[in-house]
Amino acid sequence: MELTFELVAFLMAVAFVAGAIDAMAGGGGLLTLPALLAAGASPAAALGTNKLQSTFGVATAVITFARKGRIDLKRFGGPAIAAFVGSVGGAFVLTRIDPEFLSGLIPVLLIAMAIYYSLKPSLSDEDRHGRARPILLLAVALVIGFYDGFFGPGTGSFLTTVLIAVFGLGTVNAIAHTKLLNFASNLASLAVLLAAGEVLIVPGLAMAVASIAGGYVGARSALRFGGKAVRPLLIVMCLALTAKLLADPANPLTAAILEWWARPPR
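Residues numbered from 1 in each chain as written. Predicted model: local features only at pLDDT ≥ 70, side-chain atom pairs only at ≥ 80, totals over all residues. Heavy atoms only, no water.

*Asks:* Explain the overall build of the protein to me, please; I cannot follow it from the model alone.
*Replies:* Helix and strand content of the protein: 12 helices and zero strands. Traced from its N-terminal end to its C-terminal end, the protein shows the element sequence α-α-α-α-α-α-α-α-α-α-α-α. Residues classed as buried in the protein amount to 50% of the 266 residues present. Sequence-distant contacts in the protein: of pairs separated by 6 or more residues, those separated by 24 or more amount to 84%. Of the roughly 12700 Å² that the protein leaves accessible, carbon and sulfur atoms contribute 70%. (Helix = DSSP H or I, 4+ residues; strand = E, 2+ residues; numbered from the N terminus. Buried < 20%, exposed > 50% of the residue type's maximum accessible area, 1.4 Å probe, protein only. Contact = heavy atoms within 4.5 Å. Areas by Shrake-Rupley, 256 points an atom, 1.4 Å probe, with all protein chains shown as cover.)

*Asks:* Whenever I open this one, the pattern of salt bridges confuses me. Can you help?
*Replies:* Oppositely charged side chains may form a pair once their charged atoms are brought near each other. This model, assessed by the stated rule, comprises two salt bridges. Between K51 and D148 there is a salt bridge; the shortest N-O distance is 3.3 Å. With K51 in helix α3 (residues 43–67) and D148 in helix α7 (residues 134–150), this residue pair connects regions lying 97 residues apart in the sequence. K51 sits in the buried class, given a relative accessible area of 9%. For D148, a relative accessible area of 5% puts it in the buried group. (Salt bridge = Lys/Arg side-chain N within 4 Å of Asp/Glu carboxyl O.)

*Asks:* Looking at this model, I keep getting lost on the environment of P79. Mind explaining?
*Replies:* Checked against the element boundaries, P79 lands in helix α4 (residues 73–94). When its relative accessible area of 3% is taken as the criterion, P79 is described as buried. On a C-alpha basis, the gap between P79 and L137 in space is 6.5 Å, while along the polypeptide they are 58 residues apart. Each residue touching P79, except ones within four places of it in the same chain, is listed here: L137, L138, A141 and L181.

*Asks:* Would you mind going over the nonpolar core with me for this structure?
*Replies:* As a rule of thumb, nonpolar side chains are buried together in soluble globular proteins. Ranked by size, the top nonpolar core spans 34 residues in total, and within it F65, F76, L163, F167, L169, L180 and L181 carry the most contacts. Within the residue set of this core, elements represented by two or more residues are α1 (5–25), α3, α4, α7, α8 (155–165), α9 (171–195) and α10 (201–225). When residues of this core are assigned to their parent elements, the largest contribution, seven residues, is made by α9. Apart from residues lying up to four places away in sequence, L180 is in contact with V62, I71, L73, F76 and A80. With 12 residues, the next largest nonpolar core counts L11, A39, A41 and A45 among its residues. (Core = buried A, V, L, I, M, F, W, Y, C linked by side-chain atoms within 4.5 Å.)

*Asks:* I keep staring at the side chain of S87 and nothing clicks. Help me out?
*Replies:* Its place among the elements puts S87 in helix α4. Of the polar contacts made by the side chain of S87, one reaches the backbone oxygen of S185; its length is 2.8 Å. Ignoring anything within four residues of it in the chain, the contact list for S87 reads G145, F146, G149, S185, A188 and S189. (Polar contact = N/O pair within 3.5 Å; in protein donor to acceptor, adjacent residues only side chain to side chain.)

*Asks:* Please clarify how the packing of α4 against α7 should be interpreted in this entry.
*Replies:* In helix packing, the relevant descriptors are the interaxial angle and the interaxial distance, both defined with respect to the helix axes. At a minimum axis separation of 6 Å, α4 and α7 run at an interaxial angle of 35°. The crossing of α4 and α7 is right-handed. Each residue belonging to the contact of α4 with α7 can be placed in one class, and the counts come to 14 nonpolar, seven polar and one charged. (Axes fitted to C-alpha atoms, helices over the stretch in contact; angles between N-to-C directions. Left-handed = near helix turned anticlockwise from the far one by under 90°. Nonpolar A, V, L, I, M, F, W, Y, C, P; charged D, E, K, R; others polar.)

*Asks:* How do you make sense of α9 when you look at a structure like this?
*Replies:* Each α-helix turn comprises 3.6 residues. Residues three or four places apart therefore point the same way. Between its terminal C-alpha atoms α9 stretches 36 Å, which fits the 36 Å expected from 25 residues at 1.5 Å a residue. With 19 of 25 residues buried, α9 is to be regarded as a mostly interior element. (Expected span 1.5 Å × (residues − 1).)

*Asks:* I would appreciate a short explanation of α1 in the present structure.
*Replies:* With 21 residues, α1 extends 30 Å between its outermost C-alpha atoms, agreeing within 8% with the 30 Å of an ideal straight helix rising 1.5 Å per residue. Among all positions of α1, only L7, V8, L11, V14, A15, A18, G19, A20, D22, A23, M24 and A25 are buried. Directly after α1, the chain includes G26, whose backbone phi takes a positive value near 80°.

*Asks:* Mind showing me how you'd approach the side chain of N186 here?
*Replies:* Tracing the sequence through the fold places N186 in helix α9. Taking relative accessible area as the criterion, N186 reaches 4% and is therefore assigned buried. One polar contact links N186 to K51, side chain to side chain, over a distance of 3.0 Å. For N186, the residues in contact, after removing those within four places along its chain, are K51, S54, T55, V58 and D148.

Below, the structure is given as structure tokens:
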């Protein structure tokens, strides 16, 4: 990758928008990963550099939510550690197993989540009584952390949906704690990729600066507008992630659909 002022400015602009979207609904990597690939980064370097810049953006969102009293470390400190450990395990397994088998399942789950948010009468900003035991929260954080280290797409959407539907959190609190858990899993993935030499430091740090600003703007917007602004973004990002995954002809689900469509009528 040949770094020029114009290229760095472009990557920073993309990182700012992605950081804002990611802080509100997740899925910022939909913008930053293609931008890095278009700039000439290899797939592995694009993934590692994206983890670097997004970690800073997510950290900014966490700090912003924490300052407003939206982060409960007593309840979510343990799950954050579980997400970190799970992500390390996922990244380790990734070096030995092809994650492609997951790419056919994830679009189905994302569509189901988009339908959930579309049909749910309202997304309250108030917490409801938690229906699940704390041990389940640890297990969920461990599993989704593993998924984030192993594969990644939709991690934020999955976490937010589970925290709302299963653990009774209000919309803004669910997003705030999603960012906390996502920060832990991102940090673990970043450590593994840095050790593997798959991070472009200079463009990654430039994007990180913009991602910090975007994360702050996105977190403040979520706090100000609550579920009214977040709900449509969650739906859009679920569908956008689905479209991105299905656009790959190598996706097992896409291949199955194309094969079915190509069959001659009986």
